[in-house]
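Descriptive analysis of the structure
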Amino acid sequence: MNLTDPSLLCPKALIGGEWIARPDVEVINPATQRSIGAVPDCTHAETEAAITAAHEAMSAWKTTDHATRADLLLAWHDLMLDHKADLAQILSAEQGKPLAEAEGEIAYGASFVRWFAEEARRINGKVIPVPGKKLMALKEPVGVAAIITPWNFPNAMITRKVAPALAAGCSVVIKPSDLTPFSAIALGVLAQRAGIPAGVINIVTGLPTEIGAALTQSPIVRKLSFTGSTRVGALLAEQSAPTLKRLSLELGGNAPFVVFDDADLEAAVEGAMVSKFRNGGQTCVCANRILVQSGIYDQFIDKLTARVDALTVGEGQAGVDIGPMINAAALDKINSHISDALSKGATRVTKKRDLAPQFADPIVLRDANLDMQLASEETFGPVAPVFRFETEEEALEIANGTPFGLAAYFYTTDMARAFRFGEALEFGLVGLNTGAVSNAEAPFGGVKFSGLGREGAQEGIEEYLSTKAFHMGGL
Ligand code: SIN
């Protein structure tokens with residue numbers, strides 16, 4: 001790495017404004033398989049210290065006026081953009097995504113900070129008319145928030161949670177993925193520089209079990225926000241039940257991407273590339289099942305194949321389209337989905353690349369069917385299985401035939417179908433004639449097994465607020 005500001009690559013946890021260094025957990029660059037550095041494996045006691053620091057800092061933070069909180073968030077936002085190139089290098093090194101995409105994530109991450117800085121000044125309660133007294137509904141910060149974030153967006157999943165928390169007046173304890181802690185820590189360095197007071201943002205690095213237990217068991221932590229798998233989300237919900245925390249859970253998906261015969265074919269192929277291959281297929285909103293109506297099936301396959309064959313794969317820092325997969329477990333799942341599909345009648349139509357084992361070859365599979373593992377499980381890699389369908393009813397049944405409900409996409413030029421189909425999709429995010437559904441202004445989140453709550457948008461800040469009914473008699 002060639003950082004303009006090397007102090008942003010900081011191997012330390014942050015508790016109550018103090019930096020703690022201990023080289024316990026090695027962080028590996030998934031492309032080179034070499035170590036980037038080692039961070040502390042925070043203990044139960046250290047996590048409790050972070051919770052206490054957050055609690056103490058919150059009493060002043062929640063009474064800081066909204067405009068000041070907004071200004072501090074804007075200063076943090078500006079620093080992120082000033083240091084975009086360094087932050088992107090750190091992100092790309094620990095996560096693997098190509099440098100240009102990593103810069104895109106820093107801008108995406110910063111956009112949440114700006115959005116919620118602006119929202120901080122619009123936290124309004126209401127006055128409710130009742131006979132004989134005055135009644136107000138006041139909005140108050142919910143309390144100390146635990147923020148548990150994944151490796152696939154090491155920057156943006158933090159800002160999407162932390163910015164609304166801070167805007168609302170909450171303080172936070174962040175537990176970043178042990179695979180990608182350096183992006184989180186760099187955000188902590190910049191938050192300090194922005195003037196966000198000590199203890200408002202705490203970062204506990206390390207392995208999940210002990211830290212997760214301390215966060216979920218603490219009665220001081222009133223809110224937990226998690227992005228990751230449905231299995232871990234359900235476990236955190238169970239662990240949080242005895243202390244009745246508010247939960248936001250952004251969990252797994254199994255996104256359908258439906259292309260009707262009447263679609264603009266070029267646009268549909270472009271959308272499939274955007275949705276399927278973003279972050280090498282490692283996002284919760286990536287198209288997992290591409291359903292194409294039979295009239296354009298072969299043309300779609302030909303065009304998609306040409307686009308996928310043109311993708312470059314390699315170390316993210318080298319300006320490629322697709323970087324390494326995050327680890328061996330991810331690659332095992334991808335390879336098992338591909339072999340299962342091939343054994344059940346799918347055909348590979350894209351070329352084979354000769355790649356080192358940490359990289360996955362982007363692949364289009366034609367003649368996918370519903371018996372294949374990749375029809376019911378999220379592959380989380382650059383595998384594009386293309387299923388054929390005949391009717392709109394069949395497409396809807398397949399699209400909704402999953403316990404997950406995060407994102408769905410469809411392409412049609414028929415306006416009546418656009419409304420009918422879009423409304424019938426059982427998903428929290430629907431893209432019509434677009435493969436991108438992520439931005440700060442949009443309420444982001446799922447239904448069914450894809451989770452609870454919404455991030456971004458006006459809804460995002462409500463997750464960190466509670467409502468107090470203030471009844472005033474004798475006035
Ligand atoms: C995710 O994969 O969890 C988030 C994707 C996004 O924000 O678009």
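Thresholds applied
- Residues numbered from 1 in each chain as written.
- Predicted model: local features only at pLDDT ≥ 70, side-chain atom pairs only at ≥ 80, totals over all residues.
- Heavy atoms only, no water.
- Helix = DSSP H or I, 4+ residues; strand = E, 2+ residues; numbered from the N terminus.
- Expected span 1.5 Å × (residues − 1).
- Buried < 20%, exposed > 50% of the residue type's maximum accessible area, 1.4 Å probe, protein only.
- Arc of directions from axis to C-beta.
- Pairing = 2+ DSSP bridges.
- Right-handed = clockwise from strand over helix to strand, strands pointing away.
- Near = heavy atom within 4 Å.
- Polar contact = N/O pair within 3.5 Å; in protein donor to acceptor, adjacent residues only side chain to side chain.
- Areas by Shrake-Rupley, 256 points an atom, 1.4 Å probe, with all protein chains shown as cover.
- 1 Å grid on protein atoms, 1.4 Å probe; cavity = no way out; pocket = protein on both sides within 12 Å on 5 of 7 lines; lining within 4 Å.
- Sits in = over half its atoms within 2 Å of the grid points.
- Domains from an automatic or database assignment.
- Contact = heavy atoms within 4.5 Å.
- Points joined across faces, edges and corners; volume = space filled by probe spheres on them.
- Nonpolar A, V, L, I, M, F, W, Y, C, P; charged D, E, K, R; others polar.

Regarding helix α1 (residues 44–61)
- Under the 1.5 Å per step criterion, the end-to-end length of α1 is 25 Å for 18 residues, consistent within 8% with the ideal 26 Å.
- All of the buried residues along α1 are E46, T47, A50, I51, A53, A54, A57, M58 and W61. Taken around the axis of α1, the buried residues stretch over an arc of 165°, which confines them to a single face. Away from its buried face, by an angle of more than 90 degrees, α1 presents the exposed residues A45 and E56.

Some points on the pairing of strand β13 (residues 287–293)
- Within β13, seven of the seven residues are buried, which leaves it mostly tucked inside the rest of the structure.
- The sheet contact formed by strand β12 (residues 255–259) and β13 spans five bridges and is parallel. Counted as the bridge partner of V259 is V292 from β13.
- With helix α9 (residues 265–277) bridging β12 and the parallel β13, this β-α-β connection has right-handed handedness.
- In terms of strand pairing, β13 meets strand β16 (residues 383–389) through four bridges, oriented parallel. When the sheet's bridge partners are listed, L291 is paired in β16 with F387.

A short note on the site of the ligand
- Around the ligand, the structure places 13 residues, and the nearest of them are Y108, R160, R278, C284 and S438.
- Here an oxygen atom of the ligand and a side-chain polar atom of E250 are 3.1 Å apart.
- The separation between an oxygen atom of the ligand and a polar side-chain atom of R278 is 2.8 Å.
- If the ligand stood free it would expose 260 Å²; the protein chains cover 100% of that surface.
- Counting atoms within 2 Å of the grid points, the majority share of the ligand lands in the largest cavity.
- Each of domain 1 (6–251 + 450–471) and domain 2 (255–440) contributes no fewer than three residues to the shell around the ligand.

Notes on the side chain of T47
- In this fold, T47 is placed in helix α1.
- On the basis of relative accessibility, which here comes to 0%, the residue T47 falls in the buried class.
- Excluding residues that lie within four positions of it along the chain, T47 makes contacts with C42, V204, I211, A214 and L215.

Concerning the layout of surface pockets
- Of the volumes computed, that of the largest pocket is approximately 1200 Å³.
- The wall of the largest pocket is formed by 38 residues, among which W151, G228, S229, R231 and V232 lie closest to the centre.
- Counted by class, the lining of the largest pocket contains 17 nonpolar, 15 polar and six charged residues.
- If you count residues domain by domain, the lining of the largest pocket takes at least three from each of domain 1 (6–251 + 450–471) and domain 2 (255–440).
- Its boundaries defined by the atoms lining it, the second largest pocket holds a volume of some 370 Å³.
- In terms of lining residues, the second largest pocket is bounded by 20 residues, among which M273, V274, S275, F277 and R278 are the most central.
- Mapped by element, the contributors of at least two residues to the lining of the second largest pocket are α4 (99–120) and α9.
- Counting residues per element, the lining of the second largest pocket draws most heavily on α9, at five residues.

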